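# Inside the fold
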Amino acid sequence: MSQEILLKVENLVKYFPIMKGAFIRKQVGAVHAVDGVSFEIYKGETLGLVGESGCGKSTTGRAILQLHRPTSGSVIFEGRDLVKTKGEELRLMRRKMQMIFQDPYASLNPRMTVGEIIGEPVLVHGIMDRKASEKRVEELLSLVGLNPAYANRYPHEFSGGQRQRVGVARALALNPSLIVCDEPISALDVSIQAQVVNLLEDLQKQLGLTYLFIAHDLSMVRHISNRVAVMYLGSMVELATRDDVYYHPLHPYTQALLSAVPIPDPIAEEKRQRQILKGEIPSPINPPSGCRFRTRCPHATDICAEKRPEWREVTPGHFVACHLV
Amino acid sequence: MAELLQVQGLETQFRTREGIVHAVNGVSFNLKEGETLGIVGESGCGKSVTVMSMLRLIPNPPGRVVAGTAMYQGKDLLKVSNEEMRHIRGAQISMIFQDPMTSFNPVLTIGRQVSEPLETHLGMPRKQAYDRVAEMLSLVGIPNAKDRLNDYPHQFSGGMRQRVMIAMSLTCSPQILIADEPTTALDVTIQAQIVDLVKQLRDQLGMSMIWITHDLGIVAGLAERVNVMYAGYIIETAPVKTLYGDPRHPYTLGLLGSLPRVDETDRRRLVSIEGLPPVLYEKPQVCPFAPRCSHRVERCLKENPPLTQVGPEHFAACWVDTTTGREWQ
């Protein structure tokens, strides 16, 4: 892993407007999905992005790829700000950043053969003609561990794990440097999850890929990531190397999240002191003032309600947003 | 501890357009008084169908319980009249379902739904039932329970709805509580809240419990004994510490190896079980796990191994002694 920065996200904001009215549409509010997130992704690393549902982790991933245009902020990829690029220029940049989606049942067109799905990116981008693309499809299928003879089959003929391999092959078709994996394994059974994760790891070694790995499964994120970022209600609360996050979590939310994960070991479970958070995640339409986490935080004080905690580097490479750290 | 529930040779089939699916293929287990039993397995292994069959909740058609007995209080649950079964279900054996979003009736208030078991089973007048429901709701940690009785399910969040479901299942103080993946739809911090709540209530009320899940992590901290299911069979059963510390069936070994742990120190390659679980259009005649198994010997492709004792209270269905890698003599 190098220290060369591949992607730099600065103060990324994405609000979704809430509209009301039948004829005269008026904006009455906004869902604060992502609210000022900054981080970097190094070349060749896997950055894990974790958080509970609705925390904005998927929106962050999509905003990076400009699948949702950010409300403000910048996403600098290979020296260019993607937020400001559009049209043909953005299309060309898209070759280098691809996505693997969560649901392998919904993300593949049921009327296209697997070969057409995987071959489409190279055809759309005009990189290869049909003949060459067929060759490429075969290559990609064997790369992800599927029989190249399957190119003429349709998605419904495959199991969930195999479909996810097809999704991976499609993402690899254009030789991207960055892949955003949006919960790529959460729809799969446990024994199949390991197959897909091992595949992603092998491909990274082989092709030098960089991953943004979005997931809610903290054990899996620990397994695959070099660095881990934790999000809560649209803000990033902590970002550090994997071991720092899991051994020395500084933010109270990270601590609670880690203690909530069950360990498949009855002896370890017996000894564990579990810290159980009270309450639920507030609505992102009307997030709490100051620190987003203060309503559930066991250590919250007055300042937490008044001021939003600054995103700062407490030790080299360990970022946290909390007044009390 | 006395045996509270004894299930013997349970078999359930579903008629589908493609043929008969053999979902459960002869499952036997006991539940002791005050015990928590975990049933784990991947989707389609028959873990939910097992308990649904026992409670006669399998829609017929397409489903049919073709064999087996489930003895509870000297009666076979599969043979008692529908009337009698209704008295047992909800009052003595109750269930929490997986999806708190779809298991409530959206057009009835929470008070109406949660009080229903009290009114039906105990014949409690509505007013009194509502008071009791308010008590139950505060017991499961719903703030201002009294004021929320007239709210509808959509006015509760997922975690809160699961709490309501728990309250509903406990209104008649059942002897056995069956939880079918009750936390799968919830976030991890909410999951921790719910698991903690159920544990507390279980100890407080002295219930026996069956907890069905695909998450080996949850069961580790909750159950006393665990059944691992695969292809409609129990393939291993043991006290919880034995199962995690000394798993014997290759499938259990693979399952535990494929799980990364949040407290893991070094990065190892995950054990992956190649291949897929079988689709059960025929009742397996050979070991159903054999095609995916790394310990496979010739016998596995000829005969289906029965559950055999491998240690104290520890049974596994495998022809191979996985500690030595050789066939049992």
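Residues numbered from 1 in each chain as written. Chains lettered and ligands numbered in written order. Predicted model: local features only at pLDDT ≥ 70, side-chain atom pairs only at ≥ 80, totals over all residues.

## Here we look at the overall build of chain A
Across its full length, chain A holds 11 helices and 12 strands. Against the 2.2 N^0.38 benchmark of 20 Å for 325 residues, chain A shows a C-alpha radius of gyration of 21 Å, consistent with a compact globule. In terms of principal-axis extent, the alpha carbons of chain A reach across some 65 × 60 × 45 Å. Put simply, chain A has 325 residues, and 45% of those count as buried. (Helix = DSSP H or I, 4+ residues; strand = E, 2+ residues; numbered from the N terminus. Rg over C-alpha atoms; globule rule 2.2 N^0.38 Å. Buried ≥ 20, exposed ≤ 12 C-beta atoms within 10 Å, placed from the backbone.)

## Some words on the interface of chain A and chain B
With 35 residues of chain A at the interface, the matching set in chain B holds 39 residues. Elements with a contribution of two residues or more to the side of chain A that touches chain B: helix H6 (190-207), helix H7 (218-224), helix H9 (252-260) and helix H10 (266-271) of chain A. Ranked by the residues each element gives to the side of chain A that touches chain B, the list is headed by H6 of chain A, at 7 residues. Within the side of chain A that touches chain B, the residues separate by chemical class into 19 nonpolar, 9 polar and 7 charged. (Contact = placed C-beta atoms within 7 Å. Nonpolar A, V, L, I, M, F, W, Y, C, P; charged D, E, K, R; others polar.)

## Looking at the sheet that holds strand E7 (residues 176-180) of chain B
All names here are of chain B. Within the open sheet, the 8 strands sit side by side as E6-E7-E8-E3-E9-E10-E12-E11. Their pairing is mixed. Every interior strand has two partners, whereas the edge strands, strand E6 (93-96) and strand E11 (308-311), have only one. For this sheet, the mean angle separating the axes of adjacent strands, direction not counted, is 25 degrees. Against the sheet, helix H1 (residues 47-54) makes contact with strand E3 (36-40), E7, strand E8 (208-213) and strand E9 (225-230), and its axis sits at roughly 140 degrees relative to E8, the strand it touches most. (Pairing = 2+ DSSP bridges. Axes fitted to C-alpha atoms, helices over the stretch in contact; angles between N-to-C directions.)

## A word on the sheet that holds strand E8 (residues 210-215) of chain A
All names here are of chain A. One open sheet accounts for 8 strands, arranged E6-E7-E8-E3-E9-E10-E12-E11; its pairing is mixed. A strand with exactly one partner marks an edge of an open sheet, and here the two such strands are strand E6 (97-100) and strand E11 (312-315). Each adjacent strand pair in this sheet contributes to an overall mean axis angle of 20 degrees, direction not counted. Judged from the 3 bridges that link them, E11 and strand E12 (residues 318-320) form a sheet pairing that is antiparallel. Within the sheet, the bridge partner assigned to Arg-312 lies in E12 and is Val-320.

## Side note on helix H1 (residues 57-64) of chain A
All names here are of chain A. Burial analysis of H1 places 8 of its 8 residues in the buried class, which makes it a mostly covered element. Residues of H1 that are buried: Lys-57, Ser-58, Thr-59, Thr-60, Gly-61, Arg-62, Ala-63 and Ile-64. Following H1 by one or two positions, Gln-66 has its phi on the positive side, about 65 degrees.

## Examining the pairing of strand E2 (residues 19-32) of chain B
Residue and element names in this part refer to chain B. The pairing of strand E1 (residues 3-16) with E2 spans 11 bridges and is classified as antiparallel. Paired with Phe-14 across the two strands is Val-21, which belongs to E2. Turn length for the E1-E2 hairpin, with the two strands adjacent in sequence and antiparallel, is 2 residues.

## Some details on the domain arrangement of chain B
Residue and element names in this part refer to chain B. Split by domain assignment, chain B resolves into domain 1 (1-89 + 224-329) and domain 2 (102-205). If you average the C-alpha positions of domain 1 and of domain 2, the two centres end up 30 Å apart. Contacts between the two partners involve 7 residues from domain 1, matched on the other side by 6 residues from domain 2. For the side of domain 1 that touches domain 2, the secondary structure elements donating two or more residues are E1 and H1. Grouping the amino acids of the side of domain 1 that touches domain 2 by side-chain chemistry returns 4 nonpolar, 3 polar and no charged. (Domains from an automatic or database assignment.)

## Side note on the nonpolar core
The tendency in soluble globular proteins is for nonpolar side chains to be buried as a group. If you look at the biggest cluster of nonpolar residues, it comprises 181 residues, and the most contacted ones within it are Leu-212 and Phe-213 of chain A together with Ile-235 of chain B. It is helix H6 (residues 158-170) of chain B that contributes the most residues to this core, 7 residues altogether. Summarising the domain contributions, this core has at least three residues from each of domain 1 (1-89 + 224-329) and domain 2 (102-205) of chain B. Among residues more than four places away in sequence, those in contact with Leu-212 of chain A are Ile-41, Leu-47, Leu-49, Gly-61, Leu-178, Val-180 and Cys-181 of chain A. (Core = buried A, V, L, I, M, F, W, Y, C linked by C-beta atoms within 7 Å.)

## What to know about unusual backbone geometry
Leaving glycine out, the prevailing phi sign among residues is negative, and the prevailing peptide bond configuration is trans. Each neighbour pair has its own omega, and for Asn-60 of chain B with Pro-61 of chain B the value is -10 degrees, a cis peptide bond. The topology assignment puts Pro-61 of chain B in the loop between H1 and strand E4 (63-72). Pro-62 of chain B follows Pro-61 of chain B through a cis peptide bond whose omega is 5 degrees. For Gln-66 of chain A, which is not glycine, the phi torsion reads 65 degrees and is therefore positive. Relative to the assigned elements, Gln-66 of chain A resides in the loop between H1 and strand E4 (72-77). One non-glycine residue, Gln-73 of chain B, adopts positive backbone phi at about 50 degrees.

## With respect to the packing of helix H5 (residues 160-172) of chain A against H6 of chain A
Residues and elements named next belong to chain A. One way to put it is that H5 packs onto H6 with a least axis distance of 9 Å and a crossing angle of 20 degrees. Our classification of the angle between H5 and H6 gives roughly parallel. Crossing handedness for the pair H5 and H6: right-handed. Packed against H5, whose contacting residues are Gly-160, Gly-161, Gln-164, Arg-165 and Val-168, the element H6 presents Ile-192, Gln-195, Val-196 and Leu-199 at the interface. Its residues assigned to classes, the contact of H5 with H6 comprises 4 nonpolar, 4 polar and 1 charged. (Parallel < 35°, antiparallel > 145°, perpendicular 65-115°, else oblique. Left-handed = near helix turned anticlockwise from the far one by under 90°.)

## Points about the environment of Ala-23 of chain B
Residue and element names in this part refer to chain B. Inspection of the secondary structure puts Ala-23 in strand E2. Taking the C-beta count within 10 Å as the criterion, Ala-23 has 22 such neighbours and is therefore assigned buried. Taking C-alpha positions, Ala-23 is 36 Å from Glu-264, a pair spaced 241 residues apart along the chain. The contact partners of Ala-23, leaving out residues within four places of it in the chain, are Thr-12, Gln-13, Phe-14, Gly-46, Val-49, Gly-232 and Leu-280.

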